[in-house]
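Here's the letter readout for the chains.
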Amino acid sequence: MKQANCKFKTSVGGQALLEGIMMRGPKKIACAVRKPDGTLEVTTDDVKDYAWKKIPLVRGACAMIESLLVGYHYLMYSAQISAGEDYDETADESAFEKWVGAHLGEKAEKVLLGCSAVLGGLLAILLFTIVPTLVVGGVSHVVPMGRWPKVILEAVLKVSIFVLYLFLVSRMKEIRRVFQYHGAEHKTIACYEAGDALTVENIRKYPRFHPRCGTSFLILILIISVFLYSVLPWNNMALRVVYKLLLLPVVMGISYELLKWCGRSDSLLSHIVRAPGLWVQRLTVFEPEDDMIEAAIAAVTPVLPENPEDGKW
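Computed from a predicted structure; not experimentally measured.

### Overview of the overall build of the protein
In terms of regular secondary structure, the protein is built from ten helices and four strands. Secondary structure elements in the protein, listed N-terminal to C-terminal, are β-β-β-β-α-α-α-α-α-α-α-α-α-α. The proportion of buried residues among the 313 residues of the protein is 44%. Pairs at least 24 apart in sequence give 68% of the contacts found in the protein among residues at least 6 apart. Carbon and sulfur atoms form 65% of the exposed surface of the protein, whose accessible area is close to 15,900 Å².

What follows is the structure, encoded as structure tokens:
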């Protein structure tokens, strides 16, 4: 594998899993999971190409949905492999899902699995987008306030709920290990982008924070939504919630384009835009252990393009 001899920006990214990491390059997806016996199991798949990936703004919402689906699949895979089980796509299914597969066919089963992943994302939207609006609406009935105090209170609640959620989750031992794998993923990609050889010693010295992190994407969604939703009416809470849901794909689209720009730009403005995401990554990205970095190397190696120019961001 040819390694770049200078710094550059790449589209290679990944996701932390249970005792493993999934990496995604321009053409391949690879997943490396640590088995109970200490060995790594690595699997690869082809990256599917879609027309929407070339359409600005539209690709933001589509990319998030695809990430939920792909991430859910590899999360289930890592759960079984790390537990010492042979991978079985049906092992995590409920009785209802198995009935659907048996009576309605494999396609219906996959649709149901996809819906489960999307519903998980919708629950997050409910928690971080709709709940703050309902709370502000309730408070405004007790303490009358104008538009901008409502906007500010909603923004504070939204960000506070998100940060508190991440803080509480990061206290869990199992999740903390996932966040350590998250750090291994970031440091490995940073090492690759620096043109350095992918060894544990080299990767260890790179920062654990990265501007293209999914955490940064979520923070951008929250920030962009504050500005975009500030013009929506407050006189009808139900209507405001409907407007927010309708505008959500637009928010995702703008946030995704900003994330891409921050990933390839080193301007002062890009550093300002990426700063909130890098701050919040302190709750979701921890320093990895050496064996976690080894898993990251095993996952990223199969997805790197022969010519680094082919994978530039």
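Let us keep going from here.
### A look at the nonpolar core
Residues I21, M23, L198 and V300 are the most contacted members of the largest nonpolar core, which totals 30 residues. Broken down by element, this core gets its largest block of residues, eight residues, from helix α5 (residues 173-193). With residues near it in sequence (within four places) discarded, I21 still touches Q15, A30, C31, A32, Y181, A184, E185, M292, A296 and A299. By size, the runner-up hydrophobic cluster in this structure holds 14 residues, among which are A61, I224, L232 and L259.

### Description of the sheet that holds strand β4 (residues 40-46)
If you trace the four strands from one edge of the open sheet to the other, you get β1-β2-β3-β4, paired in antiparallel fashion. Here the strands that pair on one side only, and so sit at the sheet edges, are β1 (13-17) and β4. For this sheet, the mean angle separating the axes of adjacent strands, direction not counted, is 15°. Two strands pair when backbone bridges link them, and strand β3 (residues 28-34) and β4 are joined in this way by seven bridges, in the antiparallel orientation. By the bridge assignment, C31 is partnered in β4 with T43. Packed onto the sheet, α5 meets β1, β2 (20-24) and β3 and runs at close to 160° relative to β1.

### What about helix α1 (residues 58-82)?
Across its 25 residues, α1 extends 36 Å between first and last C-alpha, which sits within 8% of the 36 Å expected from 1.5 Å per residue. Buried residues belonging to α1 abut β1, β2, β3, β4, α7 (214-229) and α8 (237-264). Positive phi shows up at G84, right after α1, with a value of about 85°.

### Examining the pattern of salt bridges
One pass over the full model with this rule turns up 15 salt bridges. One salt bridge connects K187 with E287, and the closest N-O pair in it is separated by 3.3 Å. Within this pair, whereas K187 is found in helix α5, its partner E287 is found in the loop between α9 (268-280) and α10 (290-300), the two being separated by 100 residues in sequence. The class of K187 is buried, set by a relative accessible area of 1%. Where R208 meets E287, a salt bridge forms, and the shortest distance between an N and an O atom there is 4.0 Å. Remark: E287 occurs in the loop between α9 and α10 and R208 occurs in the loop between α6 (200-204) and α7; sequence separation between them is 79 residues. Owing to a relative accessible area of 36%, E287 belongs among the partly exposed residues under this scheme. In this structure, a network of salt bridges that share partners links the residues K187, R204, R208, E287 and D290.

### Remarks on the packing of aromatic side chains
The full count for this structure, using the stated rule, is three aromatic pairs. Here the aromatic rings of F179 and F286 are separated by 5.9 Å at their centres, their planes lie at 75°, and the arrangement is edge-to-face. With F179 in helix α5 and F286 in the loop between α9 and α10, this residue pair connects regions lying 107 residues apart in the sequence. Here F179 and F286 have matching classes, each one buried. Residues F217 and Y256 carry aromatic rings whose centres are separated by 6.2 Å and whose planes lie at 75° to one another, so their mutual orientation is edge-to-face.

### Considering α9
In an α-helix, one full turn covers 3.6 residues, which means residues spaced three or four apart are oriented alike. Here α9 contains 13 residues, and its C-alpha end-to-end distance of 19 Å stays within 8% of the 18 Å for a straight helix at 1.5 Å per residue. Here α9 has its buried residues at S270, R274, A275, P276, G277 and V280. Of the surrounding elements, those touching the buried residues of α9 are α4 (147-170), α7 and α8.

### Comments concerning the packing of α7 against α8
Put simply, α7 and α8 touch, their axes get as near as 8 Å, and they point 130° apart. Considered as vectors, α7 and α8 are oriented oblique to each other. Every pair of crossing elements has a handedness; the one defined by α7 and α8 is right-handed. Of the residues in α8, those touching α7 at S216, F217, L220, I221, I224, S225, L228 and Y229 are R240, K244, L247, L248, V250, V251, M252, I254, S255, Y256, L258 and L259. For the contact of α7 with α8, a count of residues per class yields 15 nonpolar, three polar and two charged.

Conventions we followed
- Residues numbered from 1 in each chain as written.
- Predicted model: local features only at pLDDT ≥ 70, side-chain atom pairs only at ≥ 80, totals over all residues.
- Heavy atoms only, no water.
- Helix = DSSP H or I, 4+ residues; strand = E, 2+ residues; numbered from the N terminus.
- Buried < 20%, exposed > 50% of the residue type's maximum accessible area, 1.4 Å probe, protein only.
- Contact = heavy atoms within 4.5 Å.
- Areas by Shrake-Rupley, 256 points an atom, 1.4 Å probe, with all protein chains shown as cover.
- Core = buried A, V, L, I, M, F, W, Y, C linked by side-chain atoms within 4.5 Å.
- Pairing = 2+ DSSP bridges.
- Axes fitted to C-alpha atoms, helices over the stretch in contact; angles between N-to-C directions.
- Expected span 1.5 Å × (residues − 1).
- Salt bridge = Lys/Arg side-chain N within 4 Å of Asp/Glu carboxyl O.
- Phe/Tyr/Trp six-rings, centres within 6.5 Å; stacked < 30°, edge-to-face > 60°.
- Parallel < 35°, antiparallel > 145°, perpendicular 65-115°, else oblique.
- Left-handed = near helix turned anticlockwise from the far one by under 90°.
- Nonpolar A, V, L, I, M, F, W, Y, C, P; charged D, E, K, R; others polar.

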